[in-house]
Amino acid sequence: MDAGERHEIVVGIDPARDWHLPLAWAVDEARRRRCGLRLVAAVPPQHDTQHVDDTPRNIALHQAASDALGAAAAWSRERHPEVEPVVDMVEGFPAPAIGRLSGQARIIVLGSRHLSRTSEFFSAGSLVVPVTAQAHCPVVVVGDAEHVTQQPPYLVVGIDGSESSKAALALALEEADLRGAALRAVSVWQPPVFPFHDEEAAVQAQRRMLSETTAGWSQKYPDLTLTHEVLTGHPVEELAGAAEHALAVVVGRRGRGGYTGMRLGSVVHGLLHRAHCPVITVPVR
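Before going into details, it helps to say that this report is about the structure given with it. Just so we're clear, the structure is a prediction, and the values are computed from it rather than from any experiment.

### What to know about the overall build of the chain
Regarding its fold elements, the chain presents 10 helices and 10 strands. Burial status across the chain gives 47% buried among its 285 residues. On the chain, roughly 13900 Å² of surface is accessible, and the fraction owed to carbon and sulfur atoms is 53%.

Structure follows, in structure tokens:
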């Protein structure tokens, strides 16, 4: 299925967490793109603990999921009545259950729990890393409530010349155009541990790569303001800093990681923990 056939924005609704921020992002996106919206809550298998009889617990989980989906659907309709959400309660652990939907989804939207890395890897309910690592479609992780955007609005896209960053650029341009926002294309040169005598040449090479990667897009988006920046430092810190007041930061994802997301990539993984704005991760199709 190609991107043109992907008609739904899928948003994960966690009954145990505040779902308003990811849902707001998802319903706004569905309205902008004029596509469907699916609200998904996953109910883990009945025998996922050491209890002798999990039936009462399982009933409670189903009821909590049903209540959360109902409340989320009502809130979504109030925000944008023209977007009619579909509610979907699925059986299974949240990460694989929602991840399976990525084959048909246009975008998956999740809320950030800001777990520590240890908690993240060992929490059965953790969604962000495993879904981001395995999804077939872009994944948006919505950050903190205290995040404040800047006027005029802008997005940031990380560029390193790879095919995954080219895919990220394509989506970032589309997102910026939909919002009437500017786009800052950022490349980060990380100095080597040992002294490097031709730093200027390395930075110039980054500038050429950035210019070549973004060339030609102005024809498709003639009204969009696209700027180039080469920053020096650690990629995670520099991208997070550049996107501190951005509408979102967009990065590419190479390949597909395992369930734990250990192969997700250090920059993407770092941004999921460090960035306060929404992080959009784009796989290579």
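More follows now that the structure is in view.
### Describing the side chain of Thr213
Topologically, Thr213 is positioned in helix α7 (residues 199–214). Thr213 gets classed as buried once you look at its relative accessible area, which sits at 12%.

### Focus: the packing of aromatic side chains
Tallied over the entire structure, the rule returns two aromatic pairs. When the ring of Trp19 is compared with that of Trp75, the centres are 6.2 Å apart and the planes differ by 75 degrees; the resulting orientation is edge-to-face. Note that Trp19 is positioned in the loop between β1 (8–12) and α1 (20–33) and Trp75 in helix α2 (residues 55–79), a separation of 56 residues in sequence. An angle of 25 degrees between the planes, with centres 6.3 Å apart, marks the rings of Trp217 and Tyr221 as stacked. Judged by relative accessible area, which is 22%, Trp217 ranks as partly exposed.

### As for α7
In this model, α7 (16 residues) spans 23 Å end to end at C-alpha, consistent with the 22 Å of a helix rising 1.5 Å per residue. Those residues of α7 lying buried are Ala202, Val203, Gln206, Met209, Leu210, Thr213 and Thr214. Buried residues along α7 cover an arc of 120 degrees about the axis, so they all sit on one side. Elements that come into contact with the buried residues of α7 comprise α6 (163–179), β7 (182–189), α8 (217–220) and β8 (226–232). Phi turns positive, to about 95 degrees, at Gly216, one or two residues after α7.

Parameters and conventions
- Residues numbered from 1 in each chain as written.
- Predicted model: local features only at pLDDT ≥ 70, side-chain atom pairs only at ≥ 80, totals over all residues.
- Heavy atoms only, no water.
- Helix = DSSP H or I, 4+ residues; strand = E, 2+ residues; numbered from the N terminus.
- Buried < 20%, exposed > 50% of the residue type's maximum accessible area, 1.4 Å probe, protein only.
- Areas by Shrake-Rupley, 256 points an atom, 1.4 Å probe, with all protein chains shown as cover.
- Phe/Tyr/Trp six-rings, centres within 6.5 Å; stacked < 30°, edge-to-face > 60°.
- Expected span 1.5 Å × (residues − 1).
- Arc of directions from axis to C-beta.
- Contact = heavy atoms within 4.5 Å.

Function cannot be read off these values alone, since they describe shape.
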